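What follows is each chain in one-letter form.
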Amino acid sequence: MTHYETIETSTPDGGVGLIRLNRPKALNALSLTVMRELTHAAAEFDDDAEIGAIVISGSERAFAAGADISEMAALDYPDVVQADLLAGWEDLAQVRTPLIAAVCGYALGGGCELAMLCDLLIASDTAVFGQPEIKLGIIPGMGGSQRLTRAVGKAKAMDLCLTGRTMPVEEAERAGLVSRVVPADQLLDEAIEAGRTIAAMSRSAAMAAKEAVNRALETTLSEGVRFERKLFHAAFASLDQKEGMSAFLEKRTPVFGGG
Ligand code: CAA
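Residues numbered from 1 in each chain as written. Predicted model: local features only at pLDDT ≥ 70, side-chain atom pairs only at ≥ 80, totals over all residues. Heavy atoms only, no water.

*Asks:* It is not clear to me how the pattern of salt bridges should be interpreted in this structure. Could you clarify?
*Replies:* If the charged atoms of two oppositely charged side chains come close together, the side chains can form a pair. Under the definition given, this model contains twelve salt bridges. We note a salt bridge from D13 to R196, for which the minimum N-O separation is 2.9 Å. In this pair, D13 sits in the loop between β1 (7-10) and β2 (16-21) while R196 sits in helix α9 (residues 187-199), placing the two residues 183 residues apart along the sequence. Note on D13: relative accessible area 54%, which makes it exposed. Exposure remark for R196: the relative accessible area of 29% places this residue in the partly exposed category. Among the ionic pairs, D159 bridges to R165, the shortest N-O distance being 3.0 Å. Classification of D159 as partly exposed rests on a relative accessible area of 28%. We classify R165 as partly exposed; its relative accessible area is 26%. Each of the salt bridges in this network shares a partner with another, and the network as a whole consists of K156, D159, R165 and E171. (Salt bridge = Lys/Arg side-chain N within 4 Å of Asp/Glu carboxyl O. Helix = DSSP H or I, 4+ residues; strand = E, 2+ residues; numbered from the N terminus. Buried < 20%, exposed > 50% of the residue type's maximum accessible area, 1.4 Å probe, protein only.)

Quick look at the structure:
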């Protein structure tokens, strides 16, 4: 397994790849090295036929407190344009394996945006969300203004992006940002268990479900429904569809082989 400087990777059994952000002194601030390492690790897991779900977690205190402010402070407009700063995060959106964010503590700025880049967002009862970039004289740059608005609607997205206030987990769950809330000491187990559940499903069906739901954020209802139907029809070309339906009729647990 590749050695990284700012993240740790492991493979708890059951087809789950785990990526832990590991910059505790900086509350897991998302430096360019974190971006490179995390997207690399996620791509490696995505290429691994044994991995059916990827969990991204931080520490108890912080999932991530945003992009690394000390790294950005001295940058000028030409620097960020030439580097296309933060564009590399979009590589994570290209990962086809379902991504689960396990969020404990602060998920601010880029941390909130990283969590929203994931497919399931499982949060601890101590999680806090926010887009405080406005307080730094900037705006979200990893998709926050777009994904937050799609997740919770204009009213709350404007409130968070314009005032920079934080949103406690209860509010985030009510607003539809969060998939599940669990006690902090159960967060990682819950996220890995969700990963195991997904990894035990048909790999191609899980990828298709992810693609179909994400399509809803990109297109019109009629186009989306047409897109879904194509993927639904394609599922009938898989051995997993035969296995899933036979197992149901034979009253046994399906064993999906990925074919
Ligand atoms: N970048 C760099 N370092 C950070 C950081 C960040 N985003 N967030 C925290 N740190 C560092 C602090 O500088 C501090 O380092 P030192 O011990 O060396 O001084 C350490 O982490 C601990 O932080 P605090 O002492 O501030 O801890 P706290 O408990 O008092 O406060 C906090 C916690 C409320 C999260 C506070 O750290 C904070 O407000 N952080 C910045 C949040 C923020 O503005 N995020 C947006 C960043 S911009 C962005 O993300 C752009 C984008 O869209 C991608």
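*Asks:* Whenever I open this one, the side chain of E243 confuses me. Can you help?
*Replies:* Along the chain, E243 falls in helix α12 (residues 239-249). Filtering out sequence-adjacent residues up to four positions away, E243 remains in contact with R252, T253, P254, V255 and F256. (Contact = heavy atoms within 4.5 Å.)

*Asks:* Please clarify how the site of the ligand should be interpreted in this entry.
*Replies:* Taken together, the neighbourhood of the ligand is formed by 23 residues, with R61, G110, E113, E133 and G141 sitting nearest. Within the backbone of K25, an N or O atom sits 3.3 Å from an oxygen atom of the ligand. Between I69 and the ligand, the recorded distance is 2.9 Å, taken from a backbone N or O atom to a nitrogen atom. For the ligand, the protein covers 62% of the area, taking 980 Å² as the surface of the free molecule. At the level of elements, α2 (69-72), β6 (106-108) and α5 (110-117) are the ones that each hand at least two residues to the shell around the ligand. A per-class count over the shell around the ligand returns 14 nonpolar, four polar and five charged. (Near = heavy atom within 4 Å. Polar contact = N/O pair within 3.5 Å; in protein donor to acceptor, adjacent residues only side chain to side chain. Areas by Shrake-Rupley, 256 points an atom, 1.4 Å probe, with all protein chains shown as cover. Nonpolar A, V, L, I, M, F, W, Y, C, P; charged D, E, K, R; others polar.)

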